[in-house]
Amino acid sequence: MKAILFIGDGMADRPVAALGNRTPLEAARKPNMDEIARRGISGEMYTIAPGVPPGSDTAHLALLGYDPYEVYTGRGPFEAAGAGIDMRPGDIALRANYATVDDALVVKDRRAGRIQGTKPLTDAVGQIKLSGAQFIFRSTASHRAALVLRGTGLSYEVTDSDPHEIGKKVLQVKPLLRPSEDMELARAILAGGVRKYLGRRRGANKTTKLLNEFSRKSYEILKNHPLNRERVMKGLLPANYLLLRGVGIAPHLKPLREKFGITGACVAAAALVRGVCRMAGMTVIDVPGATGSVDTDLNAKREAVLQALKTNDLVVLHVKGFDEMSHDGNAPAKVQFIERVDAMLSSLIDAADFIALAIDHTTPVSVREHTGDPVPVAIAGPGVRADEVSVYSERAAAEGGLGRILGKELLPILVDLMGRSKKFGA
Ligand code: ZN
Ligand code: ZN
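Scoring rules and cut-offs
Residues numbered from 1 in each chain as written. Chains lettered and ligands numbered in written order. Predicted model: local features only at pLDDT ≥ 70, side-chain atom pairs only at ≥ 80, totals over all residues. Heavy atoms only, no water. Donors = N, O, S within 2.8 Å, 3.2 Å for Na, K, Ca; no water. Helix = DSSP H or I, 4+ residues; strand = E, 2+ residues; numbered from the N terminus. Buried < 20%, exposed > 50% of the residue type's maximum accessible area, 1.4 Å probe, protein only. Phe/Tyr/Trp six-rings, centres within 6.5 Å; stacked < 30°, edge-to-face > 60°. Pairing = 2+ DSSP bridges. Contact = heavy atoms within 4.5 Å. Domains from an automatic or database assignment. Buried area = accessible area lost by both parts, 1.4 Å probe. Salt bridge = Lys/Arg side-chain N within 4 Å of Asp/Glu carboxyl O. Polar contact = N/O pair within 3.5 Å; in protein donor to acceptor, adjacent residues only side chain to side chain. Nonpolar A, V, L, I, M, F, W, Y, C, P; charged D, E, K, R; others polar.

Just to check I follow, could you spell out the coordination of the zinc ion (ligand 1) for this structure?
Tetrahedral metal sites with four donors have an ideal angle of 109.5 degrees; octahedral sites with six donors have ideal angles of 90 or 180 degrees. For the zinc ion (ligand 1), the full set of protein donor atoms is D9 (OD), D9 (OD), S56 (OG), D360 (OD) and H361 (NE2), and the range of their distances to it is 1.9 to 2.8 Å. All donors of the zinc ion (ligand 1) come from a single chain, and their spacing in sequence reads D-x46-S-x303-D-H.

How should the coordination of the zinc ion (ligand 2) be read in this particular structure?
Looking at the metal site, the zinc ion (ligand 2) is ligated by D323 (OD), H327 (NE2) and H370 (NE2), spaced 2.0 to 2.1 Å from it. Counting residues between consecutive donors of the zinc ion (ligand 2) along the chain gives the motif D-x3-H-x42-H. Between the zinc ion (ligand 2) and the zinc ion (ligand 1) the interatomic distance comes to 4.8 Å. In this pair, D323 sits in helix α13 (residues 321–327) while H370 sits in the loop between β11 (354–358) and β12 (375–380), placing the two residues 47 residues apart along the sequence. We note that D323, like H370, is buried.

Would you mind going over the packing of aromatic side chains with me for this structure?
What characterises a pair of aromatic rings is the spacing of the ring centres plus the angle enclosed by the ring planes. Enumeration over the complete set of coordinates arrives at six aromatic pairs. On the basis of an interplanar angle of 70° and a centroid distance of 5.5 Å, the ring pair of F135 and F214 is categorised as edge-to-face. Separated by 79 residues along the polypeptide, F135 in strand β5 (residues 134–139) and F214 in helix α8 (residues 190–223) bring together distant segments of the chain. For F214, a relative accessible area of 0% translates into the label buried. Three or more aromatic residues link up through ring pairs in this structure, and these residues are Y98, F135, F137 and F214.

When you look at the pairing of strand β10 (residues 314–319) in this model, what are you seeing that I'm missing?
Strand residues, when the strand is regular, have side chains that alternate between the two faces of the sheet. Most of β10 sits out of view: six of its six residues are buried. Examined bridge by bridge, strand β1 (residues 3–8) and β10 share six bridges and lie parallel to one another. If you follow L5 over to β10, its bridge partner there is V316. Pairing of strand β8 (residues 264–267) with β10, which is carried by four bridges, proceeds in the parallel orientation. Paired with C266 across the strands is V316, a residue of β10.

Got a minute to help me understand the environment of V148 in this structure?
Within the secondary structure, V148 sits in strand β6 (residues 144–150). Of the residues examined, V148 reaches a relative accessible area of 0% and is grouped as buried. A sequence separation of 61 residues divides V148 from M87, and the C-alpha atoms of the two residues are 8.3 Å apart. Discounting residues that sit within four places of it in the chain, V148 has contacts with A80, I85, M87, D91, I92, A93, Q134, F135 and I136.

Teacher, can you tell me more about the domain arrangement of the protein chain here?
Note on interface size: it is often stated as the accessible area lost on association of the parts. Domain assignment breaks the protein chain into domain 1 (3–72 + 252–417) and domain 2 (79–249). Interface area for domain 1 against domain 2, summed over the two sides, is near 610 Å², with a carbon-plus-sulfur share of 56%. The tally of links from domain 1 across to domain 2 stands at one salt bridge. The shortest N-O distance in the salt bridge between R278 and D86 comes to 2.8 Å. At the junction of domain 1 and domain 2, the tally comes to three residue pairs in polar contact (both at pLDDT 80 or more). Tallied by class, residues from the side of domain 1 that touches domain 2 come to three nonpolar, two polar and two charged.

Would you mind showing me how to read helix α3 (residues 56–63) here?
Counting buried positions over the eight residues of α3 gives eight, a clear majority of the element. Burial in α3 covers these residues: S56, D57, T58, A59, H60, L61, A62 and L63. Backbone geometry just downstream of α3 places G65 in the positive-phi region, at approximately 95°.

Here it is, written out as structure tokens:
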């Protein structure tokens, strides 16, 4: 038995006055999503926990069956994995922004004028030698890059160098475990925990030194790089500093194959989602024309799903554009995009034994940020106890037979319906 798991990023919403107090899902004409709800079982889902607005990274970890509170320390490792870096458990990864600073290291632009084509700069920075660890540095999209530190005794318990504001000086990375807290912490963990705590302190200090060394050396290279001189001559902002943020340690994620005994593939453009799927041991498929935005090539993504179904038990189809429209506060565009995506689903509805509709978090157009509201979920396929719900929407789902589940419970439920779960007990 095979399954498609569709994930509409930020597709859930709250009632919108301009839509007659309907949510975009309620206002959209979407016969295929409604058909899945009609045939199947619906429910509400808190992706992380009630009242917790999920990030896309933690939400996708949960949707793949992991407990984000156990495996997540920061966004960096998933972004790096999404950039194609082979992460190893224990690697420390950060997101890096090419930024513009003045001679006093005050940030003038956090994105260096949204610079494109940073590869020559990234190659030059890659030549740096750090004392005490290896590193991998790679350009991702636009002004973004990923930095991975690899070595022993490293820690994610360090601060950002990104001041997150224009007009502020870049920050020195600092250990999060400050000496002033020593006594308190040491007392709290006295029973056998002191050595562990001191180890953490050593790791944080070592990582702090390495990141500050990386910042200093990369600045020396970038400020004199020919590409930046050329940019200045053309009146463009030089990309002369790398702001670091989103630090995290790469967890060991038990691959889906071991965890559930199924093979999985992922059709997604967003680097973060690709990274989560990759670290979960899934095959991540490149789809030309998939952009992670509303201009994405939906037909190409559908074809990729059909292709991947031939060799995988589970195919995750992630579509991002809803979230972008929500952050823009654009309800009509969100409705329109829901209708376009729904049309694409018509040829997927019967492509696998099961099809499940899920959403990683609610992003209300009125709030323009993720909120903790539950999202609707629907599963259709053989043997499913179909309920009375015949519409896929936030409010209709509350009446469904699944009741209310957590994000990390969705995949086990689906795997059980697929007949692939293991009995607990005799
Ligand atoms: Zn998201
Ligand atoms: Zn978002």
